[in-house]
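Structural overview for review
In case you want the letters, here they are:
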Amino acid sequence: MREEPLGKAKPFDIPKRVVWEAYQRVKANRGAAGVDDQSIEAFDQDVKNNLFKLWNRLSSGSYFPSPVKRVAIKKRQGGSRPLGIPTVSDRIAQGVVKACLEPELERHFHPDSYGYRPDKSALEALGVARQRCWRYDWVLDLDIRAFFDTIPHDLLLRAVRKHTDCTWVLLYIERWLMAPVQLENGALEPRERGTPQGSVISPLLANLFLHYAFDQWMAKHHPDIPFERFADDAVCHCSSEHQAQRLQADLDRRFAECGLALHPDKTQIVYCKDNVRRGQYLNQKFDFLGYTFRPRLAMTRWGKTFVNFSPGMSNRAAKAIRQTMRAWKLNCRIDKRVDDLAKIFNPIIRGWIMYYGRYHKSALSRVLMHLDLRLARWAMSKYRRLRGHRRRARYWIQDIRRREPALFAHWTLLYRATVGR
């Protein structure tokens with residue numbers, strides 16, 4: 001990034017290094033082009049000049065964001081979710097503001113807020129929820145209706161001002177919130193509420209809003225009820241059904257005060273049934289971060305079975321993995337060798353195992369068995385001698401597995417590790 005000529009002081013002191021580091025993070029995350037159709041690769045062709053122009057606009061106060069490109073992303077449970085895609089330059093600018101604001105906010109955030117935070121993870125939230133479901137009989141499973149689309153701007157900006165008086169941070173956050181949305185037909189739609197999912201700054205702003213709307217409110221009004229929150233997805237642990245019902249009514253009023261609303265169909269009270277809790281209630285399971293918590297058979301170290309309320313990969317997550325496998329279209333990759341396929345897909349498979357294999361591995365194992373069937377179909381398409389012979393193709397895959405048991409990442413899980421936990 002070239003140097004600014006002497007004698008031209010900028011009203012805002014924004015180090016060029018911060019802009020460069022924000023660019024590096026955006027480049028690592030990839031992402032689609034925004035309304036200007038400029039990809040990361042196109043931005044890179046003149047990266048020094050592009051970054052200097054962006055820094056110059058940010059430092060002088062002349063930076064105004066482009067409209068946010070709206071695309072529809074299919075939900076696992078059906079329907080679609082609107083996703084906002086800022087331009088590459090806007091994503092870098094948001095990264096600059098995030099780098100300035102996040103360290104200050106992190107000092108205040110609640111320890112049971114896990115979403116999109118440094119040194120926090122979804123698996124950590126799941127582990128804490130698992131332990132608390134053993135100690136508390138009831139769960140209030142919360143779902144905030146259209147959270148990212150309904151955040152009131154005035155309340156959000158008030159929360160930001162509690163933590164910074166930096167003029168350029170406040171200026172650019174307000175401009176991003178007010179930036180219009182470009183619809184798929186090219187029309188511009190003004191935005192009076194919400195912060196678009198898909199932008200760099202949105203998760204931080206969402207966490208800040210819910211820090212005051214939910215986390216701090218819970219600590220003040222219901223300090224005896226622990227919870228885990230990942231962005232707008234939260235579960236609260238209650239000692240009785242009455243306590244859960246009262247909390248739900250209180251949260252209905254609280255979120256209404258904050259311009260939000262609980263989804264009436266997706267918010268539910270769940271009984272954590274296990275070997276000791278044997279009551280009969282309508283809801284005995286809930287989904288959280290891709291896992292389903294429900295009563296499951298488990299085994300003690302002495303080989304005795306019992307009922308345990310615990311997490312395992314959800315049916316929605318299993319369906320999404322099978323859809324991903326189908327999208328690979330292995331039968332169209334007959335130009336590849338089997339070790340080529342392993343190199344291509346092992347990083348994805350390892351990701352599934354690291355996340356969904358943490359608890360109740362047998363649920364994941366059943367899904368990954370489908371991959372071997374697809375590999376056998378690939379072999380039938382590639383090798384003439386195997387065409388029309390499913391059993392022979394499966395034996396061919398099994399023979400490779402015996403000779404190279406670590407070739408595919410899931411083979412160790414399926415055929416060496418103990419299934420289930």
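1. Quick look at the packing of helix α1 (residues 16-29) against helix α3 (residues 47-60)
- Where α1 contacts α3, the axes come no closer than 10 Å and their chain directions differ by 125°. Judged by the inter-axis angle, α1 sits oblique to α3. Two packed elements cross with a definite hand, and for α1 against α3 that hand is right-handed. Only Val 47, Leu 51, Phe 52 and Trp 55 of α3 make contact with α1, whose side of the interface consists of Lys 16, Val 19, Trp 20 and Tyr 23.
- When its residues are assigned to classes, the contact of α1 with α3 shows seven nonpolar, no polar and one charged.

2. Some words on the sheet that holds strand β10 (residues 291-299)
- Across the sheet, which stays open at both edges, the three strands sit in the order β9-β10-β11 with antiparallel pairing between neighbours. Edge positions in the sheet fall to β9 (286-288) and β11 (305-313), since each of these pairs with one other strand and no more. Sheet twist, expressed as the mean angle between neighbouring strand axes with direction ignored, is 50°.
- Two elements, β9 and β10, share three bridges in a ladder whose sense is antiparallel. Bridge pairing links Asp 287 to Thr 292 in β10.
- On the sheet, helix α5 (residues 122-135) packs against β9, β10 and β11 and is oriented at approximately 60° with respect to β10.

3. Quick notes on the sheet that holds strand β6 (residues 227-230)
- Read across the open sheet, the four strands follow the order β6-β7-β3-β8; overall the sheet is antiparallel. What marks the edges here is a single partner per strand, and that holds for β6 and β8 (268-271). With direction set aside, neighbouring strand axes in the sheet form an average angle of 15°.
- In the sheet, β6 pairs with strand β7 (residues 233-238) via four bridges, with the strands oriented antiparallel. Within the sheet, the bridge partner assigned to Phe 227 lies in β7 and is Cys 236.
- Against the sheet, α5 engages β3 (138-143), β6 and β7, with an angle of about 160° to β6.
- Along the sheet, helix α10 (residues 241-257) makes contact with β3, β7 and β8, crossing β3 at roughly 20°.

4. Regarding the packing of aromatic side chains
- In the structure shown here, the tally under the stated rule is 27 aromatic pairs.
- With a centroid separation of 6.5 Å and an interplanar angle of 85°, the aromatic rings of Phe 12 and Tyr 172 are classed as edge-to-face. In this pair, Phe 12 is assigned in the segment before α1 and Tyr 172 in helix α8 (residues 167-178), connecting sequence segments 160 residues apart.
- Residue class for Phe 12 comes out buried when judged on its relative accessible area of 15%.
- Where Tyr 172 meets Trp 176, the ring centres are 6.4 Å apart and the plane angle is 45°; that geometry is what we call tilted. Separated by four residues within a single helix, Tyr 172 and Trp 176 lie in helix α8, roughly one turn from each other. You'll find Tyr 172 and Trp 176 in the same group, each marked buried.

5. Quick word on the nonpolar core
- In terms of nonpolar packing, the biggest core is built from 68 residues, with Ile 92, Ile 173, Phe 214 and Leu 251 touching the most fellow members.
- The element contributing the most residues to this core is helix α9 (residues 202-221), with ten residues.
- Ala 122, Leu 330, Leu 364 and Ala 376 belong to the second largest nonpolar core, which has 56 residues in total.

6. So, the environment of Cys 238
- The residue Cys 238 is located in strand β7 in this model.
- Accessibility expressed as a relative area gives 0% for Cys 238, which makes it buried.
- Expressed as a C-alpha distance, the spacing of Cys 238 and Leu 126, which sit 112 residues apart in the sequence, is 17 Å.
- If near-sequence neighbours (up to four positions away) are discounted, Cys 238 is found in contact with Tyr 136, Asp 137, Trp 138, Ile 225, Gln 243, Ala 244 and Leu 247.

7. So, the confidence of the model for the chain
- Taken as a whole, the chain shows an average pLDDT of 92; of its residues, 95% reach a score of 70 or greater.
- In this model, residues 417-421 is a region of pLDDT below 50 whose contacts with residues beyond four sequence positions or in other chains number ten contacts.

8. With respect to α10
- Its 17 residues place the ends of α10 25 Å apart at the C-alpha level, agreeing with the 24 Å of an ideal helix rising 1.5 Å per residue.
- Taken as a whole, α10 has its buried residues at Gln 243, Ala 244, Leu 247, Asp 250, Leu 251, Arg 254 and Phe 255. Seen end-on, α10 carries its buried residues on one side only, within an arc spanning 130°. Facing away from the buried side of α10, by more than 90 degrees, are the exposed residues His 242, Arg 253 and Ala 256.
- Where α10 is buried, its residues touch β3, α9, β7 and β8.
- Downstream of α10 by one or two residues, Gly 259 has phi in the positive range, about 80°.

9. Considerations on the pattern of salt bridges
- On inspection of all chains with the given rule, the structure shows 18 salt bridges.
- Of the charged contacts in the structure, one is a salt bridge between Lys 27 and Asp 44, with a shortest N-O distance of 3.6 Å. With Lys 27 in helix α1 and Asp 44 in helix α2 (residues 40-44), the pair connects residues that are 17 residues apart, well separated along the chain.
- Judged by its relative accessible area of 32%, Lys 27 is partly exposed.
- The closest approach of N and O atoms between Arg 107 and Glu 104, which form a salt bridge, is 2.7 Å.
- Owing to a relative accessible area of 59%, Arg 107 belongs among the exposed residues under this scheme.

Rules used in this analysis
Residues numbered from 1 in each chain as written. Predicted model: local features only at pLDDT ≥ 70, side-chain atom pairs only at ≥ 80, totals over all residues. Heavy atoms only, no water. Axes fitted to C-alpha atoms, helices over the stretch in contact; angles between N-to-C directions. Helix = DSSP H or I, 4+ residues; strand = E, 2+ residues; numbered from the N terminus. Parallel < 35°, antiparallel > 145°, perpendicular 65-115°, else oblique. Left-handed = near helix turned anticlockwise from the far one by under 90°. Contact = heavy atoms within 4.5 Å. Nonpolar A, V, L, I, M, F, W, Y, C, P; charged D, E, K, R; others polar. Pairing = 2+ DSSP bridges. Phe/Tyr/Trp six-rings, centres within 6.5 Å; stacked < 30°, edge-to-face > 60°. Buried < 20%, exposed > 50% of the residue type's maximum accessible area, 1.4 Å probe, protein only. Core = buried A, V, L, I, M, F, W, Y, C linked by side-chain atoms within 4.5 Å. pLDDT = per-residue confidence, 0-100. Expected span 1.5 Å × (residues − 1). Arc of directions from axis to C-beta. Salt bridge = Lys/Arg side-chain N within 4 Å of Asp/Glu carboxyl O.

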